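Letter by letter, the chains look like this.
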Amino acid sequence: MTDTRYMRPGSLDEALEMMGEHWPGAKLLAGGTDLIPLFRAARYSGDSGSADLGLQGGCKCGDCRIEPFPDVLVDVGGLDEIKGIRRSDGFLEVGAATVMADIAADPLLNETVPILAEAARSIGNPLVRNRATIGGNLATAAPCADTAPPLLVLDAIVQLASPEGRRELPVADYFLEYRTTSLRETEMITGLRVPIPPERWAGGFEKVRLRKSGAISVASVAVMLELDGATCLNARVSLGSVAPIPLRAAAVEKALEGRRIDAGVARECSRLVQQHISPIDDLRGSAEYRRWVTEAVVARTILKAVGIEGTD
Amino acid sequence: MERHSIAISVNGQWMKTEVTALDTLLEVLRNSFGTLDVKNGCGQGDCGVCTVLLDGVAVNSCLTLAAQADGREVTTLKGLGTPDDPHPLQESFVRHGAIQCGFCTSGMVLVAKAFLDENPTPSREEIREAISGNLCRCTGYKKIVDAIEDVAGEPGRVGRRS
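Residues numbered from 1 in each chain as written. Chains lettered and ligands numbered in written order. Predicted model: local features only at pLDDT ≥ 70, side-chain atom pairs only at ≥ 80, totals over all residues. Heavy atoms only, no water.

**Things to note about the overall build of chain B**
- Secondary structure assignment for chain B yields 6 helices and 5 strands.
- Walking chain B from its N terminus toward its C terminus, one meets helices and strands in the order β-β-α-β-β-β-α-α-α-α-α.
- Projected onto the principal axes, the alpha-carbon positions of chain B cover approximately 50 × 30 × 25 Å.
- Here chain B holds 162 residues, and 54% of them are scored as buried.
- Only carbon and sulfur atoms are counted for the fraction: they give 48% of the accessible area of chain B, which is about 7,000 Å².
- A distance of 6 Å separates the average location of the 16 positive side-chain charges in chain B from that of its 21 negative side-chain charges. (Helix = DSSP H or I, 4+ residues; strand = E, 2+ residues; numbered from the N terminus. Buried < 20%, exposed > 50% of the residue type's maximum accessible area, 1.4 Å probe, protein only. Areas by Shrake-Rupley, 256 points an atom, 1.4 Å probe, with all protein chains shown as cover. Lys, Arg positive; Asp, Glu negative; His and termini not counted. Charge placed at Lys NZ, Arg CZ, Asp CG, Glu CD.)

This is how it looks when you write it as structure tokens:
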């Protein structure tokens, strides 16, 4: 059916070696929650039942995003080196192969960066969260990757490794265009460094979805504000599912700075979000609805960060 | 075609077979090992009927490659109890009539088992959240939540057998 070979490296170095040796035929696998259904769709898309019928190049329908089968699958999901959550100086280090369930439940993470825990909790369903990894969420680079908005407003740093060496990148520089990232050939995400926000910073995360569980976001918003009472000193606002990539809304951020936040100010500043977004029509919502709901939810999330809820 | 030899402990018994890299755990359980209590539904992690416990953690076997389970322990519904010696959750599902067509039941019971192992005294809302990756098109969920709630909070009962 396919000639794909499954490989399970025993260490990160071994994984990188495999990537280097088999590139461009090598593909990383971690939780597999995104990749495995794509393989399945490709395997079953032949119309005559003949296994090799054109599938090696992936699905030809142009609609579904089916991967060509790789020569080699490098399974990094079990690598302890890139798993787990720990505090290091002023940072929280989250391994790329840490699953969403662990991110959602981790006490330290919930205490220091609760918006990231909340985003992880909003992904998929409990079964999916037991497999899906945060590195995979970023590597897939879907516009609706729910951990991206919180990581953007937390100014998180993506840690990357390849056979050539290691480097770090602000998450804002990671997403380039639709499903295109700064990842170089043979490079993989090994973890995230998330600066632990100082005392005066407060945050909020909201995900608009059609049902409580197993829902892909219609729009998602993350906010971090540095506050002196109700006065906003610094603001970071980010959005998911309303543009080709998850992004920051600089105009909203600038407008919030120096303002005393109340419902009117939040509403006024949130209008500026429109210039940043370019939503599409899809099964989850129309572009028009997304524009309307994004603005409303930006205002709501700003108020949530300040501690004013339910007034919009 | 590239084949991989794998060994998986299925309900305590080590089973060996050969798989291709892209065979899912679900396919191997059903087609190679005859573990038909694991059901095949949506194939993409939406419905939960293919739930198994992988080293005690509830996962979708359709979203797991068989090769990824190599050397690990898989528990299916039959690993929890038999008709002669059912698990308390299985008894409770029967007692509460939390079964109609039965297609979701295997996944529901396994998810409930893993969940109660972690959280033995959950609220009703927490139970609802815990089974939110498992679709039931018959019952409207009330009786399933009732069945799980009935077993919750009884130390020693849930953890039995694995």
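After that view of the structure, there is still more to cover.
**Some points on helix H1 (residues 12-22) of chain A**
Residues and elements named next belong to chain A.
- Listed as buried for H1 are Leu-12, Ala-15, Leu-16, Met-18, Met-19 and His-22. All buried residues of H1 project into a common sector of 160 degrees when viewed along the axis, lining one side. Turned more than 90 degrees from where H1 packs its buried face, Asp-13, Glu-17 and Glu-21 sit exposed.
- Contact partners of the buried residues in H1: strand S1 (5-7), strand S2 (26-29), strand S3 (72-75), strand S6 (157-162), strand S7 (165-170) and strand S10 (188-195). (Arc of directions from axis to C-beta. Contact = heavy atoms within 4.5 Å.)

**Examining the packing of aromatic side chains**
Residues and elements named next belong to chain A.
- Throughout the structure, instances matching the rule amount to 3 aromatic pairs over all chains.
- Each ring, one from Tyr-174 and one from Phe-175, has its centre 5.0 Å from the other, and the planes form 80 degrees; the classification is edge-to-face. Summarising the burial analysis for this pair, Tyr-174 and Phe-175 share the class buried.
- Note that Arg-193 overlies the ring of Phe-91, its terminal NZ or CZ placed 4.2 Å from the centroid.
- Directly above the ring of Trp-201 sits Arg-236, whose terminal nitrogen or CZ lies 4.4 Å from the centroid. (Phe/Tyr/Trp six-rings, centres within 6.5 Å; stacked < 30°, edge-to-face > 60°. Lys NZ or Arg CZ within 6 Å of the ring centre and 35° of its normal.)

**A few points about the pattern of salt bridges**
- Taken as a whole, this structure holds 25 salt bridges over all chains when the rule is applied.
- Residue A:Arg5 pairs with B:Glu2 through a salt bridge whose shortest N-O separation is 4.0 Å. On the criterion of chain membership, the pair formed by A:Arg5 in strand S1 and B:Glu2 in the segment before strand S1 (4-10) is interchain, its members lying in two chains.
- Given a relative accessible area of 29%, B:Glu2 falls into the partly exposed group.
- Here A:Asp155 ties to A:Arg248 by a salt bridge, and the two come within 3.2 Å at their closest N and O atoms. (Salt bridge = Lys/Arg side-chain N within 4 Å of Asp/Glu carboxyl O.)

**Thoughts on the side chain of A:Ser220**
Residue and element names in this part refer to chain A.
- Relative to the helices and strands, Ser-220 resides in strand S12 (residues 219-228).
- Under the relative-accessibility criterion, Ser-220 is labelled buried at 1%.
- Apart from residues lying up to four places away in sequence, Ser-220 is in contact with Asp-146, Pro-149, Phe-205, Glu-206, Lys-207, Ser-238, Leu-239 and Gly-240.

**Some remarks on the packing of helix H3 (residues 88-95) of chain B against helix H6 (residues 142-151) of chain B**
Residue and element names in this part refer to chain B.
- Running from N to C, H3 and H6 cross one another at 135 degrees; their axes reach a closest spacing of 8 Å. Relative to H6, the element H3 is oriented oblique. With respect to the hand of their crossing, H3 and H6 are arranged in right-handed fashion. The segment H3 lies against H6, with Pro-88, Leu-89, Ser-92, Phe-93 and Arg-95 engaging Ile-144, Ala-147, Ile-148, Asp-150 and Val-151. (Axes fitted to C-alpha atoms, helices over the stretch in contact; angles between N-to-C directions. Parallel < 35°, antiparallel > 145°, perpendicular 65-115°, else oblique. Left-handed = near helix turned anticlockwise from the far one by under 90°.)

**What about the interface of chain B and chain A?**
- Listed as interface residues are 36 residues of chain B and, on the opposing side, 30 residues of chain A.
- Per-residue buried area on chain B facing chain A is highest for B:Leu22, B:Leu63 and B:Gln68; these three make up 26% of the total on that side.
- The interface formed by chain B and chain A holds 2 salt bridges in total.
- The partner of A:Arg129 in a salt bridge is B:Glu129, with the nearest N and O atoms 2.7 Å apart.
- For the interface between chain B and chain A, the tally reads 11 residue pairs in polar contact (both at pLDDT 80 or more).
- Among the secondary structure elements, those contributing two or more residues to the side of chain B that touches chain A are strand S3 (51-54), strand S4 (57-60) and helix H5 (124-130) of chain B.
- No other element matches S4(B), which puts 4 residues into the side of chain B that touches chain A.
- Partitioned by chemical class, the residues of the side of chain B that touches chain A number 15 nonpolar, 13 polar and 8 charged. (Buried area = accessible area lost by both parts, 1.4 Å probe. Polar contact = N/O pair within 3.5 Å; in protein donor to acceptor, adjacent residues only side chain to side chain. Nonpolar A, V, L, I, M, F, W, Y, C, P; charged D, E, K, R; others polar.)

**Notes on the environment of A:Val76**
Residue and element names in this part refer to chain A.
- Within the element layout of this structure, Val-76 appears in the loop between S3 and strand S4 (85-88).
- Along the chain, Val-76 and Cys-269 lie 193 residues apart, while their C-alpha atoms are 43 Å from each other.
- Those residues in contact with Val-76 that sit more than four places away from it in its chain are Pro-9, Ala-15, Leu-28, Leu-29, Ala-30, Ile-82, Ala-97 and Met-188.

**Examining the environment of A:Ala235**
Residue and element names in this part refer to chain A.
- As for its placement among the helices and strands, Ala-235 is situated in strand S13 (residues 231-240).
- You can call Ala-235 buried: its relative accessible area is 4%.
- In this structure, the C-alpha to C-alpha distance between Ala-235 and Cys-269, residues 34 residues apart in sequence, is 11 Å.
- If sequence neighbours within four positions are ignored, Ala-235 has contacts with Met-224, Leu-225, Glu-253, Leu-256 and Glu-257.

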